[in-house]
Amino acid sequence: MKKHSSLQTIRDEHASLAAMLQSMRMMIERGPSDDRRNFFDVVRAMLFYIDEFPERLHHPKESNLLFPKVARRVPALMPVIERLEREHMGGEHAVRELQHLLLAWELLGEARRVAFAEATGRYVGFYLEHMQIEEQQVLPAAERSLDAQDWAELDAAFVTHRDPLAPDGARDPAWDRLFTRIVLKAPAPIGVG
Ligand SMILES: [Fe+2]
Ligand SMILES: [Fe+2]
């Protein structure tokens, strides 16, 4: 089967994002140790990454380019696509809410910790499931049903955007600095901390 660069980009971005989400969840389970300031800095950087990249670049490409094509070719998938679409629409709000809850914990203290930890746990679970549905249902349907013209459009559109965390990508130095901050302090799979 021919490999489509747009689908590979989506899968790579999902892998980066899953690693980030799992590291974040692990960090929050461990909680801040003696270096409280560092803990909040890193979790904040992780939420910023999620807000900045997947929410603003990854989802719109799926919503605007991939989903309409798949919905047209495979109408039976409409309910699944509608669900994913609703989740995209709510995603930005959800991550903003987490940013607020984190700030509440940091500024108001331990009484606000559980609310943040629980909301983050739900968010990570929701997001991993969202990506799994895309990979198990939408991407295979695209592979089966899109034609050469569809692929030419999709691949061309995806060439112009890159995951700043992609190992082989042309990297933006500003993203590199952010990512380095996260990696140095975060647990695996993202980090070495
Ligand atoms: Fe998505
Ligand atoms: Fe996705």
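Scroll up to find the structure this text is about.
Residues numbered from 1 in each chain as written. Chains lettered and ligands numbered in written order. Predicted model: local features only at pLDDT ≥ 70, side-chain atom pairs only at ≥ 80, totals over all residues. Heavy atoms only, no water.

**Q** I'd like to hear about the coordination of the iron ion (ligand 2), residue by residue, with values.
**A** Six octahedral donors at a metal ideally form angles of 90 or 180 degrees, and four tetrahedral donors ideally form angles of 109.5 degrees. The iron ion (ligand 2) binds to the protein through His14 (NE2), His58 (NE2), Glu62 (OE) and Glu134 (OE); the donor distances cover 1.9 to 2.2 Å. In this structure, the iron ion (ligand 2) is surrounded by four donor atoms whose angles at the metal cover 80 to 172°, and the resulting shape is irregular. Along the chain, the residues donating to the iron ion (ligand 2) fall in the pattern H-x43-H-x3-E-x71-E. For the pair the iron ion (ligand 2) and the iron ion (ligand 1), the metal-to-metal distance amounts to 3.1 Å, and Glu62 bridges them. (Donors = N, O, S within 2.8 Å, 3.2 Å for Na, K, Ca; no water. Tetrahedral: all angles 85-135°; square planar, octahedral: opposite > 155°, others 65-115°.)

**Q** Explain the pattern of salt bridges residue by residue, including any values.
**A** Close approach of charged atoms lets side chains of opposite charge pair. This structure, assessed with the given rule, holds 12 salt bridges. Across the salt bridge formed by Glu106 and Arg44, the nearest N and O atoms sit 2.7 Å from each other. Of the two residues, Glu106 sits in helix H4 (residues 78-108) while Arg44 sits in helix H2 (residues 36-52), which places them 62 residues apart along the sequence. Overall, the relative accessible area of 23% leaves Glu106 in the partly exposed class. Among the ionic pairs, Glu87 bridges to Arg83, the shortest N-O distance being 2.9 Å. Note that Glu87 and Arg83 are positioned in helix H4 at a spacing of four residues, about one turn of the helix. Overall, the relative accessible area of 29% leaves Arg83 in the partly exposed class. Beyond isolated ion pairs, a larger network of salt bridges with shared partners links Lys69, Arg73, Asp147, Asp150 and Glu153. (Salt bridge = Lys/Arg side-chain N within 4 Å of Asp/Glu carboxyl O. Helix = DSSP H or I, 4+ residues; strand = E, 2+ residues; numbered from the N terminus. Buried < 20%, exposed > 50% of the residue type's maximum accessible area, 1.4 Å probe, protein only.)

**Q** Before we move on, can you summarise helix H6 (residues 148-159) with the specific residues and values?
**A** Compared with the 16 Å implied by 1.5 Å per residue over 12 residues, the 16 Å span of H6 between its first and last C-alpha is a close match. A side-chain oxygen of the first residue of H6 lies 3.2 Å from the backbone nitrogen of Gln149; this N-cap is Asp147. (Expected span 1.5 Å × (residues − 1). Polar contact = N/O pair within 3.5 Å; in protein donor to acceptor, adjacent residues only side chain to side chain.)

**Q** Can you tell me about the coordination of the iron ion (ligand 1), naming the residues and giving the values?
**A** In this structure, Glu62 (OE), His88 (NE2), His130 (NE2) and Glu134 (OE) serve as the protein donors to the iron ion (ligand 1), at separations of 1.9 to 2.2 Å. Counting residues between consecutive donors of the iron ion (ligand 1) along the chain gives the motif E-x25-H-x41-H-x3-E.

**Q** Account for the layout of surface pockets, naming residues and giving values.
**A** The computed volume of the second largest pocket comes to approximately 170 Å³. In this structure, the second largest pocket is lined by 12 residues; those nearest its centre are Met27, Gly31, Ser33, Phe39 and Lys185. For the lining of the second largest pocket, the secondary structure elements donating two or more residues are helix H1 (5-30) and H2. In terms of residue class, the lining of the second largest pocket is built from five nonpolar, four polar and three charged. (1 Å grid on protein atoms, 1.4 Å probe; cavity = no way out; pocket = protein on both sides within 12 Å on 5 of 7 lines; lining within 4 Å. Points joined across faces, edges and corners; volume = space filled by probe spheres on them. Nonpolar A, V, L, I, M, F, W, Y, C, P; charged D, E, K, R; others polar.)

**Q** If you had to explain the nonpolar core to someone new, which residues and values would you point to?
**A** Ranked by internal contacts, the top residues of the largest apolar core, which has 36 residues, are Leu21, Ile50 and Phe116. For this core, the secondary-structure elements that each account for two or more residues are H1, H2, H4, helix H5 (113-145) and helix H7 (173-185). Among the elements that line this core, the one with the most residues is H2, at nine residues. For Phe116, the contacting residues outside a window of four places in its chain are Ile28, Val43, Leu47, Leu98, Leu101, Leu102 and Trp105. Core analysis: the second largest hydrophobic core is formed by 20 residues, Ala71, Val80, Leu84 and Ile133 among them. (Core = buried A, V, L, I, M, F, W, Y, C linked by side-chain atoms within 4.5 Å. Contact = heavy atoms within 4.5 Å.)

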